[in-house]
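Structural description and commentary
So the chains spell out like this:
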Amino acid sequence: MAETLFEEFEWRGLVYHATEGVREALATEHVTAYIGFDPTASSLHVGSLLTMMGLARLQRFGHSPIAIVGGGTGMIGDPKPNQERPLLSLDDIEANVAGIKPQLAKLLDFDAQPNPARMINNADWLARFDLLGFLRDTGKYFTVNYMLEKEAVSRRLEAEDGISYTEFSYLLLQARDYLELFDRHHCTLQMGGSDQWGNITAGIELIRKLRGKKAHGLVWGLLKTSSGAKFGKTEQGTIWLDPSRTSERDFYQFWLNTDDRDVIDYLKYFTWLGREAIAALEKTMQDDPSARTAQRTLAEEVTRLVHGAESVTRVVADAALRFGGSVTADALRQVAPTASVESARLAQGIAATELIVIAGLAKSKSEAFRLIEQGGITLNDVAVADPKAQVTSTQALGGRFKLSKGRRNVAVVEIV
């Protein structure tokens, strides 16, 4: 571990911009810092994980983290690059906030002493402002020219539909957040992605003008893959932290599929592994890239962080079943079943075609029949040769069946 948090961020490649003096503050003071999370969905995604780790690292170095869940700013929305964000209802925002808190608790310690994490909803103050009061107390301190210079605003002005006054005001709301946290919790550092730099510096300016005090900002670069794609997006869509939206297996596979060019950076960004461990993995990758040891380590570390140790056991066993591991009763027990069949239906034997449909590997018995004829189905890694075959409970391993269509489309059916 580095001696100071700033040094930790530096070697992990997480310092894109920082205000003058933040290095010294993190080395000599107990700093309270915050990052904002807009509740645009009931779950955070892997892109949010970088900011979550930023707060978690801050706490591990003895500083105090605040996670702002923007119930107030969420009603407006941070300007997107090319279009207006859809407005959310109060009920939607409240539901999303409720979904985000337990995910933050996976990384942040809300009971730690003497530096517990806090989760605060900025609706506590923003929802109480009247328009004239807000314009007098906040808007008066920013010129339109200053706001137009901010990248998030200037970028939208070039878009076909421009920017609404609603989203144009977002910078003022976030600046007010920083001032409120400075007053209420002596918060002197805001962190985030580099796209937030304009909003962060606006808050720093407001604190300077109204309180005559110095506050700080630190941001890391926006993540893209080496291929130029947006990080966290796949052909199947966004990779969410909520396992009901992205399964543990798909979450693990997302990290396992990391490009060789990205994996060392991701180990620095998304895991607690230190310099020596990551350097050893980098050497292993150079010596034997086909082993994909770095990718497996990344996938296991991040899955453990987000979903827990038991999840790692399940997804590793699942991957082993799908990609060449031997099928045993113990291996099948480690994998979450994808379907179930009643024991009574197996007493006299169930048609293999019916079991294939139950497993979700075919939509109909006739499709299953054709798959067997084409040699595309295995039961417990043994080819099913007869389309009219019957399956009984005696063929199960530990009360489960492994059914495969081809090499990678695998289902585990549990007898209930």
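Scroll up for the structure.
Residues numbered from 1 in each chain as written. Predicted model: local features only at pLDDT ≥ 70, side-chain atom pairs only at ≥ 80, totals over all residues. Heavy atoms only, no water.

With respect to the pairing of strand S6 (residues 216-220)
Selection criterion: Between buried and exposed lies partly exposed: a residue is buried under 20% and exposed over 50% of the maximum accessible area for its type, with that area taken using a 1.4 Å probe on protein chains only. Each helix is a run of H or I in the DSSP string that is no shorter than four residues. Each strand is a run of E no shorter than two, and both are numbered from the N terminus. For two strands to pair, DSSP has to find at least two bridges joining them. We call a crossover right-handed when, viewed with the strands running away from us, the connection from the first strand over the helix to the second turns clockwise.
By the criterion of burial, S6 is predominantly enclosed, with 5 of the 5 residues buried. Alternating residues of S6 divide into His216, Leu218 and Trp220 and Gly217 and Val219, and every residue in both groups is buried. Taken together, the 2 bridges between strand S1 (residues 17-18) and S6 define a ladder with antiparallel strand orientation. The partner of Ala18 across the bridge, within S6, is Leu218. In this structure, strand S5 (residues 189-193) lies alongside S6, joined through 5 bridges in parallel fashion. Bridge pairing in S6 links Met191 to Leu218. In this fold, the crossover linking S5 to S6 by way of helix H11 (residues 197-211) has right-handed handedness.

Digging into helix H12 (residues 248-256)
Note the following rule: Two residues qualify as a contact provided that any one of their heavy atoms is within 4.5 Å of a heavy atom in the partner residue.
Across the 9 residues that make up H12, a large majority, 7, are buried. Glu248, Phe251, Tyr252, Gln253, Phe254, Trp255 and Leu256 are the residues of H12 that are buried. Residues of H12 that are buried in the fold lie against helix H3 (46-60), strand S7 (233-234), helix H13 (260-270), helix H15 (293-307) and helix H16 (309-322).

Quick look at the nonpolar core
Quick note on the threshold: Here the nonpolar core consists of buried residues drawn from Ala, Val, Leu, Ile, Met, Phe, Trp, Tyr and Cys, with membership extended through side-chain atoms lying within 4.5 Å.
Ranked by internal contacts, the top residues of the largest apolar core, which has 62 residues, are Leu189, Met191, Trp255, Leu267 and Phe270. With 8 residues, the single largest contributor to this core is H3. In this structure Leu189 touches Val22, Leu26, Val31, Thr32, Ala33, Tyr34, Leu58, Tyr178, His216, Gly217 and Leu218, once residues within four positions along its chain are discounted. Counting residues in each nonpolar core, the second largest holds 29 residues, with Ile120, Leu126, Ile163 and Ala215 among its members.

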